[in-house]
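In case you want the letters, here they are:
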Amino acid sequence: MERALYGPGGFYLRPEGPAGHFRTSVHASPLFAAAVARLLGEVADELGTAEVDLVDVGAGRGELLTGVLAATEGRGLTVRAYAVERAGRPAGLDPRIVWTDRPPRGARGLLFANEWLDNVPVDVAEADAEGTARYVEVRADGAERLGAPVSGPDAEWLSRWWPLREPGARAEIGRSRDEAWAAAVASLAAGRAVAVDYAHVRASRPPFGSLTGFRAGREVPPVPDGGCDLTAHVALDACEAAVRPGIGGGQDPAESGGRPGAGGEPDPTESSGRPRVVGGPAPAGGGGRPGVVGGPYPAGGGGGPAAGREPDPAGGAATELVSQREALGRLGVSGERPPLALASTDPTAYVRRLATAGEAAELTARGGLGDFLWLTRRIPG
């Protein structure tokens with residue numbers, strides 16, 4: 001998975017970028033960037049400053065940062081923008097955007113990771129006929145076999161977060177993502193870290209995993225040949241728990257399990273001594289990238305607070321896990337249609353507001369982008 005996505009000729013290093021193959025919320029509507037701009041303003045107010053950092057982890061070709069900078073023009077906010085991406089800097093990008101391969105150390109503001117963690121490479125495990133969890137090994141043409149039993153920290157992670165109880169059951173071992181998220185959060189000195197992804201929690205893991213491929217807008221088998229995206233839903237409850245031992249403080253991601261040149265992602269050989277492997281059937285359905293499995297923390301799910309929030313002793317919520325529908329609703333994104341009476345009094349305004357409502361509806365739709373989960377960690381300043 002590491003080689004197929006980020007190695008020579010890897011999918012995410014191709015010139016067309018992710019937008020050439022699938023739509024994210026950033027590509028769906030400028031309303032998303034405008035909502036992130038409002039969120040950035042909230043963070044700046046919390047920090048009591050008009051100068052704020054915005055770190056976009058997994059920045060693609062800089063589309064989100066470009067939109068946020070446009071949305072903050074003339075609002076009295078000075079934004080220091082950082083695009084964290086392993087691909088090269090695209091031509092013509094706003095010169096205010098710093099292009100880097102890792103989050104800057106000690107940023108004060110908003111670290112935003114939209115559909116990043118799903119592409120942090122993972123190993124896949126499958127329970128054999130005796131119920132033993134084994135690594136799934138895969139060739140570049142997609143042929144698979146079961147390898148050695150899962151052991152050590154990977155086995156501990158499975159036991160805690162995704163036990164395989166039936167022969168044939170599969171799981172994506174999310175330890176690399178936990179480490180990547182913890183390292184990214186640790187780079188932030190103050191503000192908020194937000195991860196947005198299609199995800200699941202412990203009470204609702206997909207029984208056969210969720211790893212799949214995407215090419216040119218279609219779901220395809222997850223063949224690790226560099227010709228398609230390889231993506232799997234994120235165990236965000238495990239990522240959230242990984243941050244609790246140390247909240248922020250400006251730690252360098254390279255000092256917290258990441259490696260240089262990877263935007264804070266762990267070295268693919270550190271956890272198991274072998275290249276990352278992939279496998280597992282694609283979820284049913286096709287077209288766009290799949291939505292969320294699970295949704296916010298269910299009561300008694302064991303993956304975190306029943307209400308999706310961890311209390312902060314100083315007041316408020318130190319961490320929160322909510323749907324994109326709820327998160328964007330708080331930021332003023334609504335799919336409510338304009339009143340029909342406006343069509344007769346101001347037809348142009350009616351059409352404009354109707355188009356905006358349609359875009360908002362896509363971003364917040366049930367069964368689609370609205371089911372993405374937003375994991376937020378507040379770092380007191």
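Predicted, not measured: the structure shown is a model, and the values here were computed from it.

Before going further, it helps to spend a moment on the overall build of the protein. Regarding its fold elements, the protein presents 10 helices and 17 strands. Counting the 381 residues in the protein, one finds 56% classified as buried. Counted over contacts in the protein with a minimum sequence separation of 6, partners at least 24 positions apart contribute 74%.

Relative to the 26 Å expected for 18 residues at 1.5 Å per residue, helix 3 (residues 30-47) spans 26 Å between its end C-alpha atoms, a close match to the ideal helical length. Taken across its 18 residues, helix 3 has 13 buried, putting it largely inside the fold.

This next bit is on the sheet that holds strand 13 (residues 229-231). Taken in spatial order, the three strands line up as 12-11-13 in an open sheet, and their pairing is antiparallel. Every other strand in the sheet has two partners, leaving strand 12 (218-220) and strand 13 as the edge strands with one partner each. Neighbour to neighbour, the strand axes of the sheet diverge by 35° on average, direction disregarded. Here three bridges tie strand 11 (residues 212-215) to strand 12, and the two strands are oriented antiparallel to one another. In the sheet register, Arg-215 faces strand 12, and the bridge partner there is Arg-218.

Of the volumes computed, that of the second largest pocket is approximately 250 Å³. Lining the second largest pocket are 15 residues, with Leu-39, Arg-192, Glu-320, Arg-330 and Arg-378 positioned closest to its centre. Mapped by element, the contributors of at least two residues to the lining of the second largest pocket are helix 3, strand 9 (188-197), strand 16 (317-323), helix 8 (324-330) and strand 17 (373-379). Per-element tally for the lining of the second largest pocket: the top contributor is strand 16, with five residues.

In this section: the nonpolar core. Phe-32, Leu-64, Val-68, Leu-110, Phe-112 and Trp-374 are the most contacted members of the largest nonpolar core, which totals 39 residues. Per-element accounting of this core gives the leading share, nine residues, to helix 3. Once residues lying within four places of it in the same chain are set aside, the contact partners of Val-68 are Ala-33, Val-36, Ala-37, Leu-40 and Leu-54. Val-84, Trp-116, Ala-180 and Val-185 belong to the second-largest nonpolar core, a separate cluster that totals 28 residues.

On to the side chain of Thr-319, then. Tracing the backbone shows Thr-319 in strand 16. Of the polar contacts made by the side chain of Thr-319, one reaches the backbone oxygen of Thr-376; its length is 3.1 Å.

All right, on to the pairing of strand 9 then. Counting buried positions along strand 9 gives nine out of 10 residues, so the element sits mostly inside the fold. Sheet analysis places strand 4 (residues 107-114) next to strand 9, joined by eight bridges and oriented parallel. Bridged to Leu-111 within strand 9 is Ala-193. Pairing analysis gives seven bridges linking strand 9 to strand 17, with the strands arranged antiparallel. Within strand 17, the residue paired with Val-196 across the bridge is Trp-374.

For the rest of this paragraph, the subject is the packing of helix 6 (residues 175-186) against helix 7 (residues 236-243). The N-to-C vectors of helix 6 and helix 7 enclose an angle of 45°; their axes lie 8 Å apart at closest approach. In terms of their interaxial angle, helix 6 and helix 7 are classed as oblique. As helix 6 packs across helix 7, the resulting crossing turns out to be right-handed. For the pair helix 6 and helix 7, contact is made by Arg-177, Asp-178, Trp-181, Ala-182 and Val-185 and by Ala-238, Cys-239, Ala-242 and Val-243, respectively. Class assignment of the residues belonging to the contact of helix 6 with helix 7 gives a composition of seven nonpolar, no polar and two charged.

Once that is clear, we can look at the confidence of the model for the protein. For the protein, per-residue confidence averages 80 on the pLDDT scale, and residues scoring 70 or more make up 73% of the total. Predicted confidence for residues 250-307 stays below pLDDT 50, and this span has 188 contacts to residues more than four positions away or in other chains. The low-confidence segment residues 311-316, where pLDDT is below 50, has four contacts with residues more than four positions distant or belonging to other chains.

Analysis parameters
- Residues numbered from 1 in each chain as written.
- Predicted model: local features only at pLDDT ≥ 70, side-chain atom pairs only at ≥ 80, totals over all residues.
- Heavy atoms only, no water.
- Helix = DSSP H or I, 4+ residues; strand = E, 2+ residues; numbered from the N terminus.
- Buried < 20%, exposed > 50% of the residue type's maximum accessible area, 1.4 Å probe, protein only.
- Contact = heavy atoms within 4.5 Å.
- Expected span 1.5 Å × (residues − 1).
- Pairing = 2+ DSSP bridges.
- Axes fitted to C-alpha atoms, helices over the stretch in contact; angles between N-to-C directions.
- 1 Å grid on protein atoms, 1.4 Å probe; cavity = no way out; pocket = protein on both sides within 12 Å on 5 of 7 lines; lining within 4 Å.
- Points joined across faces, edges and corners; volume = space filled by probe spheres on them.
- Core = buried A, V, L, I, M, F, W, Y, C linked by side-chain atoms within 4.5 Å.
- Polar contact = N/O pair within 3.5 Å; in protein donor to acceptor, adjacent residues only side chain to side chain.
- Parallel < 35°, antiparallel > 145°, perpendicular 65-115°, else oblique.
- Left-handed = near helix turned anticlockwise from the far one by under 90°.
- Nonpolar A, V, L, I, M, F, W, Y, C, P; charged D, E, K, R; others polar.
- pLDDT = per-residue confidence, 0-100.

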